[in-house]
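Here are the chains, one letter per residue:
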Amino acid sequence: MRTRSLACLTVFFSMMGPFEGRAEEMLFFRRDQRVVMIDSVRIHQGRTEAMADTAIVLGQERLLLQGNPRVRVGQRSTMIAEEIEFRYRNQKLYRIFLRGAARMEDASPDSLA
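All values reported here derive from a predicted model rather than from experimental measurement.

Enquirer: How should the overall build of the protein be read in this particular structure?
Expert: Along the backbone of the protein there are zero helices and 11 strands. Starting at the N terminus and ending at the C terminus, the protein contains elements arranged as β-β-β-β-β-β-β-β-β-β-β. Looking at the protein as a whole, 34% of its 113 residues are labelled buried. A fraction of 25% describes how many contacts in the protein between residues 6 or more apart in sequence connect residues 24 or more apart. Surface summary for the protein: the accessible area is close to 7500 Å², and the carbon and sulfur share equals 47%.

Here you go:
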């Protein structure tokens, strides 16, 4: 039986801790400062864990998840949408966009206040 090995990318560009992404395939576009992760994407950063079919890292400002994206923040919050976009400003998470059939599950909604 052959074990499956995923490509791994670790980047230290955020105050939220290292960004670690794993996928079956990764494409690097240096001129555009873009990384495209394809198939079985798993991303970890701090307390955040994301899964998607495809992830696109655009410089240090944007992360776009496509294809059944699901994001968990800690043990209590989950975001599900057709597309999820993270925007960073000054090395901190600034905004999250959920697009398409989106929903947020939060066991402690007071944390959003």
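Enquirer: Help me out: how do you make sense of the nonpolar core in this one?
Expert: Within soluble globular proteins, side chains that are nonpolar generally end up buried alongside one another. Grouped together as the largest cluster of nonpolar side chains are 20 residues, with contacts concentrated most on Met37, Ile43, Leu63 and Leu65. For this core, the secondary-structure elements that each account for two or more residues are strand 2 (19-23), strand 4 (34-45), strand 5 (48-58), strand 6 (62-66) and strand 9 (83-89).

Enquirer: Explain the pattern of salt bridges here, please?
Expert: A side chain with one charge may pair with a side chain of the opposite charge, provided their charged atoms come close. Applying the stated criterion across every chain, the model contains eight salt bridges. Between glutamate 49 and arginine 72 there is a salt bridge, and its shortest N-O distance comes to 4.0 Å. Of the two residues, glutamate 49 is situated in strand 5 and arginine 72 in strand 7 (residues 70-73); the sequence distance between them amounts to 23 residues. What you see here is one network of salt bridges that share partners, running through Arg62, Glu83, Glu85, Arg87 and Arg99.

Enquirer: Looking at this structure, how should I read the pairing of strand 7?
Expert: Here is the key point about a regular strand: its side chains alternate between the two faces of the sheet. Judged from the four bridges that link them, strand 5 and strand 7 form a sheet pairing that is antiparallel. In the sheet register, threonine 48 faces strand 7, and the bridge partner there is valine 73. Judged from the four bridges that link them, strand 7 and strand 8 (residues 77-80) form a sheet pairing that is antiparallel. Residue pairing for strand 8: arginine 72 is matched across the bridge by threonine 78. Following strand 7, the chain reverses through three residues before pairing antiparallel with strand 8; glycine 74 in that reversal takes a positive phi of roughly 65 degrees.

Enquirer: Would you explain a nonpolar patch on the surface in this entry?
Expert: A surface patch of nonpolar side chains, amounting to about 270 Å² of accessible area, comprises Leu93, Ile96, Leu98 and Met104. At three residues, the largest contribution of residues to the nonpolar patch is made by strand 10 (residues 92-99). Along the chain, isoleucine 96 turns up in strand 10. A residue is classified by how much of its surface remains accessible, and isoleucine 96, at 31% relative accessible area, is partly exposed.

Enquirer: I'm lost on the side chain of serine 77 in this one. Help?
Expert: Summarising the element assignment, serine 77 is placed in strand 8. Judged by its relative accessible area of 10%, serine 77 falls in the buried class. Within the local environment of serine 77, its side chain forms a polar contact with the side chain of aspartate 106, the two groups lying 3.2 Å apart. Not counting residues up to four positions away in its chain, the partners in contact with serine 77 are Val71, Arg72, Met104, Glu105 and Asp106.

The rules we used
- Residues numbered from 1 in each chain as written.
- Predicted model: local features only at pLDDT ≥ 70, side-chain atom pairs only at ≥ 80, totals over all residues.
- Heavy atoms only, no water.
- Helix = DSSP H or I, 4+ residues; strand = E, 2+ residues; numbered from the N terminus.
- Buried < 20%, exposed > 50% of the residue type's maximum accessible area, 1.4 Å probe, protein only.
- Contact = heavy atoms within 4.5 Å.
- Areas by Shrake-Rupley, 256 points an atom, 1.4 Å probe, with all protein chains shown as cover.
- Core = buried A, V, L, I, M, F, W, Y, C linked by side-chain atoms within 4.5 Å.
- Salt bridge = Lys/Arg side-chain N within 4 Å of Asp/Glu carboxyl O.
- Pairing = 2+ DSSP bridges.
- Patch = residues over 30% accessible without salt bridge, like charges linked within 9 Å, V, L, I, M, F, W, Y side chains within 5 Å.
- Polar contact = N/O pair within 3.5 Å; in protein donor to acceptor, adjacent residues only side chain to side chain.

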